[in-house]
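Structure at a glance
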Amino acid sequence: MGKATGFMEYQRLQEASEAPQSRKKHYKEFVMHLDDAQAKTQAARCMDCGIPFCNNGCPVNNIIPDWNDLVYNGKLREALDTLHSTNNFPEFTGRICPAPCEAACTLGIIKDAVGIKSIEHYIIDKGWENGWVTPQPAAISTGKKVAVVGSGPAGLAAAQQLARAGHAVTVFEKNDRAGGLLRYGIPDFKLDKNLIDQRVKQMEGEGVVFRTGVLVGKDFPAGITNWAKETVSPETLQKEFDAVIIAGGAETPRDLPVPGRELKGVHFAMEFLPQQNKVNAGDKVKDQISAAGKHVVVIGGGDTGSDCVGTSNRHGAKAVTQFELLPQPPEQENKPLVWPYWPTKLRTSSSHEEGCERDWSVATKRLEGSKGKVEKLIACRVEWKDGRMQEVPDSEFEVKADLVLLAMGFVSPVQSVLDAFGVDRDARGNARATTDGAGCYKTNADKVFAAGDMRRGQSLVVWAIREGRQCAREVDAFLMGDSVLPR
Ligand SMILES: Cc1cc2nc3c(=O)[nH]c(=O)nc-3n(C[C@H](O)[C@H](O)[C@H](O)COP(=O)(O)OP(=O)(O)OC[C@H]3O[C@@H](n4cnc5c(N)ncnc54)[C@H](O)[C@@H]3O)c2cc1C
Ligand code: SF4
């Protein structure tokens, strides 16, 4: 433990950030990592518990107490190595992970939890700043070839692990740049896209080949991001590679089947958000969906909805309202009851701070407009009884809406991609593969493994990284008979 009395002496510190009014004027990141002195005192708050629940709360099992101790003692290089030993991409999680580790922190039972995520952010940014993050090419080549379909965090983590184990890895990505939702979906103000570029460069230095603009399979539904210029068939991959990992995410959005859905001005969040990522990257976007001067209604209270709020405000929306079907959660969790698990509580994102009306227990009944364009949204209040939703009588109301963004989550992976591989599904339409025991991550299809949202359904970046790493180990064992890659 860095400092035995640190948890009594120091308060938890929020990372500094630019004020909402000024950050709303740009798309750049606005959260600053801790400085050296702050990181030291924050790390000193860690109690190095006998049983570190944080380590179990973190899906990649980051060895948090160890790197807290190393940061406190100024051994930053060692802290970075310890962090990288369990997490390929801490620069992503250190910025956008919801930090379930902190919900599991023992100090959190009686005080504010250790600021684990902020320390992770600090370590990795220092690592890049100091030039410590360099390619680690494998010493030997196994002569085996692996194809990874999808360059989101799951595909990237799997590719990096397998390249370091000596396999020749090619990543196929239908979009024009690598990164999955990290690139196209998550706004630039939450995650600077240079961070993805520098990782891709590192991975290329380790021998990973990226083939962007290539769709694996033939049929792909309209309305889902797809900038492929060529296709390759699953059979070709199965013939030319010794193993294939499908990590294509869960891209089928949940729709809103109400009257008026067809009106102009009603869009899925994932039509709206990637366009702004593209514009920020310097690309031309024809007929960009704009929130400028509009009354924007975002339907769906999760991360994606919140990203729509932040992006709409940056466009210069007149007003932004966000509706959620579920009831408003409590402001504070009952800690002794829920610890060390992830609590349901009211979460206010940085985008909410920038300006947004939020309302809960609201269902959309229909959308209305004129000349084919949406103008208002008719909603009602709902009550939840025994897990069932009921409309509150006489509760109908309407709000002005020139732009309606649907952010109600994702139903499943694109089924045509799974069809093309002949992969079995689970009850929710995800690629069927287990995560434990012999043959885990392997699908029913010959040589084909699955990881990330494509296997588990819509989830988090940190879970995708975990699955990519674990899947890589299984692929390595499948190819070599055994594996020394960590799970
Ligand atoms: C708007 C938004 C905001 C989010 N914010 C957060 C957040 O703040 N924190 C967090 O932890 N999680 C967040 N998430 C969830 C997180 O991004 C995902 O859980 C995670 O990216 C899943 O990783 P993945 O690698 O499984 O899939 P994805 O990131 O979806 O990547 C899959 C990739 O596969 C490609 N692909 C698919 N099919 C094919 C094919 N047939 N051929 C070639 N390429 C193909 C896709 O183009 C895509 O690039 C957010 C999600 C969204 C939509
Ligand atoms: S990856 Fe997420 S859960 Fe794990 S230590 Fe970092 S912030 Fe916590």
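For the structure itself, look to the data block above.
Parameters at a glance
- Residues numbered from 1 in each chain as written.
- Chains lettered and ligands numbered in written order.
- Predicted model: local features only at pLDDT ≥ 70, side-chain atom pairs only at ≥ 80, totals over all residues.
- Heavy atoms only, no water.
- Patch = residues over 30% accessible without salt bridge, like charges linked within 9 Å, V, L, I, M, F, W, Y side chains within 5 Å.
- Areas by Shrake-Rupley, 256 points an atom, 1.4 Å probe, with all protein chains shown as cover.
- Salt bridge = Lys/Arg side-chain N within 4 Å of Asp/Glu carboxyl O.
- Helix = DSSP H or I, 4+ residues; strand = E, 2+ residues; numbered from the N terminus.
- Near = heavy atom within 4 Å.
- Polar contact = N/O pair within 3.5 Å; in protein donor to acceptor, adjacent residues only side chain to side chain.
- Nonpolar A, V, L, I, M, F, W, Y, C, P; charged D, E, K, R; others polar.
- Phe/Tyr/Trp six-rings, centres within 6.5 Å; stacked < 30°, edge-to-face > 60°.
- Buried < 20%, exposed > 50% of the residue type's maximum accessible area, 1.4 Å probe, protein only.
- Lys NZ or Arg CZ within 6 Å of the ring centre and 35° of its normal.
- Pairing = 2+ DSSP bridges.
- Axes fitted to C-alpha atoms, helices over the stretch in contact; angles between N-to-C directions.

1. Notes on a nonpolar patch on the surface
Together, Leu325, Leu326, Trp384 and Met389 make up an exposed nonpolar region whose accessible area comes to about 340 Å². On the secondary structure map, Trp384 appears in strand β13 (residues 373-385).

2. Concerning the site of ligand 1
Inspection of the region around ligand 1 gives 36 residues, with Ile96, Glu173, Lys174, Val216 and Asp453 positioned closest. Within the backbone of Pro153, an N or O atom sits 3.2 Å from an oxygen atom of ligand 1. One nitrogen or oxygen atom from the side chain of Lys174 is found 2.8 Å from an oxygen atom belonging to ligand 1. Starting from 1,000 Å² of accessible surface for ligand 1 in isolation, the protein chains cover 98%. Elements with a contribution of two residues or more to the shell around ligand 1: α10 (153-164), β2 (168-173), β4 (214-216), α14 (303-315) and α19 (461-480). The residue makeup of the shell around ligand 1, split by class, is 18 nonpolar, eleven polar and seven charged.

3. Considerations on the site of ligand 2
Among the 13 residues in the neighbourhood of ligand 2, the closest are listed as Cys58, Asn62, Cys97, Cys101 and Glu120. Breaking the shell around ligand 2 down by element, the ones donating at least two residues are α8 (100-103) and α9 (116-129). Looking at the shell around ligand 2 residue by residue, the classes come out as nine nonpolar, two polar and two charged.

4. A look at the packing of aromatic side chains
One pass over the structure, following the stated rule, counts seven aromatic pairs. Aromatic pair Phe172 and Phe241: ring centres 6.0 Å apart, planes at 85°, arrangement edge-to-face. With Phe172 in strand β2 and Phe241 in the loop between α12 (234-240) and β6 (243-246), the pair connects residues that are 69 residues apart, well separated along the chain. Each member of the pair, Phe172 together with Phe241, is buried. Stacked on the ring of Phe241, the Lys or Arg Lys145 has its end atom at 5.2 Å from the ring centre. Here the guanidinium or amino end of Arg347 rests over the ring plane of Trp342, the centre of that ring lying 3.9 Å away.

5. Quick word on the pattern of salt bridges
Summed over the entire model, instances satisfying the criterion amount to 36 salt bridges. Between Arg199 and Glu91 there is a salt bridge whose closest N-O contact spans 2.5 Å. Of the two residues, Arg199 is situated in helix α11 (residues 194-205) and Glu91 in helix α7 (residues 90-96); the sequence distance between them amounts to 108 residues. The class of Arg199 is buried, set by a relative accessible area of 1%. In this structure, Glu333 and Lys345 form a salt bridge, with 3.5 Å as the shortest nitrogen-oxygen distance. Here Glu333, found in the loop between β10 (319-323) and α15 (335-338), pairs with Lys345, found in the loop between α15 and α16 (350-353); they are twelve residues apart in sequence, far enough to count as distant. Residue Glu333 is classed as buried on the basis of its relative accessible area of 13%. The class for Lys345 is partly exposed, based on a relative accessible area of 22%.

6. A look at the sheet that holds strand β1 (residues 145-149)
Spatially, the five strands line up as an open sheet ordered β3-β2-β1-β6-β18, and their pairing is parallel. Every other strand in the sheet has two partners, leaving β3 (209-212) and β18 (448-450) as the edge strands with one partner each. Strand-to-strand twist of the sheet, defined as the mean angle between neighbouring strand axes without regard to direction, takes the value 20°.

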